[in-house]
Each structure stands twice: as structure tokens, then as C-alpha cells.
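# Structural characterization, general
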Amino acid sequence: MYETLALYIDGQFLSGDGRREQDVWDPATGQTIAKLPHASRADLDHALASAQKAFQSWKHSSPMDRSKILRKVAELARERAKEIGHNITLDQGKPLAEAIAEVVSCADHADWHAEECRRIYGRVVPARLPNVRQTVVREPIGVVAAFTPWNFPFNQAIRKICAAIGAGCTIIIKGPEDSPSAVVAIARLFHDAGLPPGILNLVWGVPAEVSEYLIKSPIVRKISFTGSVPVGKQLAALASAHMKRSTMELGGHSPVIVFDDADVERAAEMLVGFKFRNAGQVCVSPTRFYVQEKAYDKFVAKFIEATRAITVGHGLEPATKMGPLAHERRVPAMESFVEDARAVGANVQVGGGRMSGAGNFFAPTVVTEVPDHARLMTLEPFGPIAPITRFSTFDEVVARANSLPYGLASFAFTTSAKTSQAIGMALEAGMVSINHWGLALPELPFGGIKDSGIGSEGGTETFDGYLNTKLISEMH
Ligand code: NAD
């Protein structure tokens, strides 16, 4: 049974009642699986009013009580992971094991926020006069408007919700209309965990219309968005025009640097796993492969062999390792990257096109000898294409890796401690992972620099974007 889709406002699940609806599809078959209700203007106003009202009491709630609710959410998420994962596979396309793992890992995010929200400390600053006391306190910022994407529909939403609610804020979230079941399931988790009405509100609609309406509302004090760089820049500009804080988790174009001294075959095998997870629709996916000259042939041969072994299919089939792209519109986007790569002289070694049959399937693709000016090397591909190129020296590869406006994740492979330390320091990125996949754990900050965003989610930084700093100076 697929999720019963609904809005969630002031503690009520709402649908029908003449609301506009949109179809939700299974991207592996193209079949319609459900109808999603859009929020009317009255629904948005209702969500704003209930979030504003609930904030008046939630901001004074005990962190112990917030912590208990987040822990209960974690427990329920683990219990329901299989059914939630099944529905994510149906409306987003990723293999079932990946979808279930997404939910289970998010239970850890809820637990982390349950622990950390009890440690939102202020400080006492020594004063210049004996009868003065200076206290710095951190207060919840207010009503948050959050906008989350379809690639990790459960993860991207629950991280923002846990941070907002743990900090004592209330939140209105607009989830991804194309893959909506996960965020409805999250609303049910919080509802069943006993969250009082109005603290979490969920709406759906035309993204630009909903975001503009909510960001401009004087009730909203903070914006959080995960998605593409162009949309993030638009929303950040709108938030700034209304002097509102924003957290932006935007796109990336992660370089992978494989040095001659790396364990090359192990690196190739591991990187095929990272690259084609979720059909490459991952903001921190490795997307530009720079391989040093002596390691190049061995790396490419192993990478191609491991790519050929990937089983592509419906995410509910147990053998499937890669599902379809989440939308029809992503298929022509992939085709145009490959067409451009061919036109600038690259070699398509594996895949390179849409797969036959129904659904948005694009073959796992490896392209070699890709020049730096190819679109694949300059624009985020966000799909199952691995472009590989050569480099000679450390300084040269650092300059090429840092040459783009993105700064989200970077990867490097080397057995030299000296090179490892130097590359970790040299790369312009919010996150650098060396010799393994070390990203996106709840206890680690996740976020980008440059065009890839503002602020971090997770780690001890997770509440920073949701708190105001207030000084209270008293003379006695
Ligand atoms: P898109 O830019 O149209 O949309 C990206 C996301 O932003 C979607 O979830 C969409 O619903 C939302 N969105 C779009 N316009 C919005 C607006 N005005 N207000 C609020 N939300 C809005 O692109 P797409 O075709 O859906 O996805 C492809 C691109 O999106 C990729 O190239 C990638 O850069 C980016 N993306 C990034 C992430 C991430 O985790 N950083 C996730 C999904 C998509």
C-alpha cells in the first residue's frame, strides 16, 4: 500500500475538499500511483498562523521534552523503515535497500538531534565592573520555511525538521512534489510521537509560488533550502530582501583525485559504488575524476569492469543496484551531457544513452579523456555519468579541482600521509573525504562553500542556523 498523501497543518492531515491535485508517478514504469493535494492560499495562511501560534509555547518548551519526542521519532522510524522505504522506491526509484538505509540512517539523525538539543548552551562573559553580569543566551529564531528535494526525500526533510524542532522553532515544510511519500511519512512519525499541533506543518504546491509566498510572509524568520544552485540563489536573494536568515544546501561538482600511489583497484571499485548510488542523483556524488598518469589505465579498466557489473532495474527487484532517474526531465539532461562530451572529443566507454523499455532509465556511463571545458566537467551532471581525465602534478590537479564555483564535497585517494594532509588542506570544499566515504553522518557537519551554499546541517553546528544570539547585560 502506497502512502495516503496529504497536507499536514495544525496537527491535521488534510486532502480532498476541492484542492488542486497533481499526479505522482513511479519513475521505473511511468505509471501514475497517487494524487497529491496542493495547498490553497487559505491552507498556506492556516499553516503560517498555526506555526506562529505554536511558536509562542514551543519556544519555552523544555529541551528534555523536545528530546523525548525526537527519540520517539527515531524509534518509530526504525520500526516503519521497511514500509517507508518501499514507498520511497515507488515514487523516487532508488533500490529498496538504499531507501530503507536512508530511513534507518535518519533515525540516527533524530537521535543525534535529541541529544544535542539538550546542549544548546549560552555563556557568561566576565564583566568590567563587579556589579555587572553579562549573559549570552541562544533563543529559537521563530517560524522556519523549509524546501526539500526529491533525491533523498526522507533524509533532506528530517534533518531540517529535527534541527528546527530541537532548537525550539516551528516549521512549515514544502517537500518534493515528485517524490512525496517520505515527507508525509515523517509528518506521521512526529504526529504519532506526540508532537503538539502547529509545530510541524507540511504543504505541497507549485514550488516557486509556495516559496515566494512563505518567504515574503512576515511570520517566517528563517529559510532552509536544499536543491540546485540557481534556485538557491533566487531564494537566498528573496530571503535577504526581507532580512531573513537562510541555510542553503546546494549543488556540487565533486572532484575525485586518485594519486599514483593510491590502492588504485580498490579506489576504482569503491568509487563505482559511490558514483552510481541513487543513479548519481546525489549532491556529494563524485562527478569529476582526475587520475594521475601512472595510475590512469589501471583505474579506468577496473572502473569500467565494475560499472558493467551494475544491474539496472526496478528498485523493488532484489537484484537491482541502480534504479531509474527520478524524472523524465533528467533523461534529456543526461543525453545532452553525453552529446556535448562526444562533440568535444571524449570517448564514451560504457553506456551513453537511455535504456529501452518504459521508465526513466539511463545506462551507467563512463566517459574518458574528457577535456576540462566539456559541460560534464563544468556543470553538475546529477546523474549516472562518470567523466575521467588525467593529471600530472599535485599543484596542477588542485588548480583544476578548485577552478569551478562549486565547493561542496571532494574526494582523494592516496597512501601517502603527506599527500593526504596536503590535499585535505588544499581543496576548496565544505567536506573532503580521503580514501573512503566519510560524509553525511549525523555527528558531522554537512554543507558547502562558494556557490554550494551557506551553513551546515548536522554536527554540533546543526542548530546554529535556527538560533538567535542575545546579550543580556544586568547591573545590580
Ligand atoms: P530544479 O532546479 O527545478 O529543482 C531542484 C529542487 O528545487 C526541486 O526539489 C524543486 O522542487 C525545488 N524548487 C525548484 N524551484 C523552486 C522554487 N522556486 N522554490 C522552492 N523550491 C524550488 O531541478 P530538478 O530538475 O528538480 O533537479 C535537478 C537539479 O537540482 C540538479 O542539477 C541538482 O543541481 C539539483 N538538486 C540538488 C539537490 C541537492 O541535494 N543539493 C537535490 C535535488 C536536486
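Located above this text is the structure these notes cover.
Computed from a predicted model, the values in this text were never measured in an experiment.

### Section: the overall build of the chain
Along the backbone of the chain there are 13 helices and 20 strands. In terms of C-alpha radius of gyration, the chain reaches 23 Å, essentially the compact-globule figure of 23 Å for 476 residues. Expressed as a percentage of the 476 residues in the chain, the buried residues total 58%. Per element, the accessible surface of the chain, about 18,900 Å² overall, is 53% carbon and sulfur. Here the chain contributes 49 positively and 51 negatively charged side chains, and the mean placements of these two sets differ by 5 Å.

### Focus: unusual backbone geometry
With a phi angle near 55°, M243 is a residue other than glycine that sits in the positive phi range. Along the chain, M243 falls in the loop between α7 (229-241) and β11 (245-249). Residue classification places M243 among the exposed positions, given a relative accessible area of 69%. Backbone geometry at A279 places phi at a positive 50°, although glycine is not the residue there. By the element assignment, A279 lies in the loop between α8 (264-276) and β13 (286-292).

### Brief notes about the site of the ligand
Near the ligand there are 21 residues, and of these W150, S211, S228, R329 and E380 occur at the shortest range. In this structure, N151 approaches the ligand through a side-chain N or O atom, which is 3.4 Å from an oxygen atom. Take G227: an N or O atom from its main chain is 3.3 Å from a nitrogen atom of the ligand. Cavity membership is defined here by more than half of the atoms lying within 2 Å of grid points; on that basis the ligand lies in the largest pocket. Every element with two or more residues in the shell around the ligand is listed here: α6 (207-216), β10 (220-226) and α7. Per-element accounting of the shell around the ligand gives the leading share, three residues, to α6.

### So, the packing of helix α1 (residues 41-58) against α6
Packing of α1 against α6 leaves a shortest axis separation of 11 Å and a crossing angle of 40°. Considering their axes alone, α1 and α6 lie oblique with respect to each other. In terms of crossing hand, the pair formed by α1 and α6 is right-handed. Contacts between α1 and α6 involve R41, L44, D45 and L48 from the first element and V210, Y213 and L214 from the second. Grouping the constituent residues of the contact of α1 with α6 by class yields five nonpolar, no polar and two charged.

### Some remarks on the sheet that holds strand β12 (residues 254-258)
The seven strands are arranged β14-β15-β16-β13-β12-β17-β18 in an open sheet whose pairing can be described as mixed. Of all strands in the sheet, those bounded by a partner on one side alone are β14 (347-350) and β18 (431-434). Neighbour to neighbour, the strand axes of the sheet diverge by 25° on average, direction disregarded. Two elements, strand β15 (residues 365-368) and strand β16 (residues 385-391), share four bridges in a ladder whose sense is parallel. Among the inter-strand pairings, T368 is bridged to a residue of β16, identified as I388. Across the sheet, helix α9 (residues 293-308) is in contact with β12, β13, β14, β15 and β16; its angle to β13 comes to roughly 140°.

### Some remarks on empty space enclosed by the protein
One pass over the structure, following the stated rule, counts two cavities of 30 Å³ or more. Along the walls of the largest cavity sit 15 residues, with P255, Y406, A409, S410 and E428 positioned nearest its centre. For the lining of the largest cavity, a count of residues per class yields seven nonpolar, six polar and two charged. Taken together, R159, A163, T247, S456, E457, G458, T462 and Y466 make up the lining of the second largest cavity.

### Description of the pairing of β11
Counting buried residues in β11 gives four out of five residues, a clear majority hidden from the surface. Two elements, β10 and β11, share five bridges in a ladder whose sense is parallel. Bridge pairing in β11 places K222 opposite R245. After leaving β10, the chain enters α7 and then returns to the sheet as β11, a path that is right-handed. As paired elements, β11 and strand β19 (residues 453-454) share two bridges and run antiparallel to each other. If you follow M248 over to β19, its bridge partner there is I454.

### As for the nonpolar core
In terms of nonpolar packing, the biggest core is built from 85 residues, with F154, I161, I165, F190 and L200 touching the most fellow members. Broken down by element, this core gets its largest block of residues, 10 residues, from helix α2 (residues 63-92). In contact with F154, not counting residues within four places along its chain, are I84, I88, E102, V103, C106, A182, I186 and L189. Counting 66 residues, the second-largest nonpolar core is a separate cluster that includes F152, F289, V366 and I385.

### Some words on the pairing of β15
Regular strands show a simple pattern: their side chains alternate between the two faces of the sheet. Here β15 shows no split at all, with T365 and V367 on one side and V366 and T368 on the other all buried. Pairing of β14 with β15 involves three bridges; the strand directions are antiparallel. By the bridge assignment, V350 is partnered in β15 with V366.

### Remarks on the environment of K302
Among the secondary structure elements, K302 is positioned in helix α9. You can call K302 buried: its relative accessible area is 14%. Beyond its immediate chain neighbours, meaning those up to four positions away, K302 contacts E265, A268 and E269.

### Examining the pattern of salt bridges
Overall, the coordinates contain 29 salt bridges when judged by the stated rule. Between D178 and R329 there is a salt bridge, and its shortest N-O distance comes to 3.7 Å. One end of the pair, D178, is in the loop between β8 (170-174) and α5 (181-192); the other, R329, is in the loop between α9 and α10 (330-343), with 151 residues separating them in the sequence.

Each value, and the rule that gives it
- Residues numbered from 1 in each chain as written.
- Predicted model: local features only at pLDDT ≥ 70, side-chain atom pairs only at ≥ 80, totals over all residues.
- Heavy atoms only, no water.
- Helix = DSSP H or I, 4+ residues; strand = E, 2+ residues; numbered from the N terminus.
- Rg over C-alpha atoms; globule rule 2.2 N^0.38 Å.
- Buried < 20%, exposed > 50% of the residue type's maximum accessible area, 1.4 Å probe, protein only.
- Areas by Shrake-Rupley, 256 points an atom, 1.4 Å probe, with all protein chains shown as cover.
- Lys, Arg positive; Asp, Glu negative; His and termini not counted.
- Charge placed at Lys NZ, Arg CZ, Asp CG, Glu CD.
- Near = heavy atom within 4 Å.
- Polar contact = N/O pair within 3.5 Å; in protein donor to acceptor, adjacent residues only side chain to side chain.
- 1 Å grid on protein atoms, 1.4 Å probe; cavity = no way out; pocket = protein on both sides within 12 Å on 5 of 7 lines; lining within 4 Å.
- Sits in = over half its atoms within 2 Å of the grid points.
- Axes fitted to C-alpha atoms, helices over the stretch in contact; angles between N-to-C directions.
- Parallel < 35°, antiparallel > 145°, perpendicular 65-115°, else oblique.
- Left-handed = near helix turned anticlockwise from the far one by under 90°.
- Contact = heavy atoms within 4.5 Å.
- Nonpolar A, V, L, I, M, F, W, Y, C, P; charged D, E, K, R; others polar.
- Pairing = 2+ DSSP bridges.
- Points joined across faces, edges and corners; volume = space filled by probe spheres on them.
- Right-handed = clockwise from strand over helix to strand, strands pointing away.
- Core = buried A, V, L, I, M, F, W, Y, C linked by side-chain atoms within 4.5 Å.
- Salt bridge = Lys/Arg side-chain N within 4 Å of Asp/Glu carboxyl O.

Treat this as a map of the structure, not an account of what it does.
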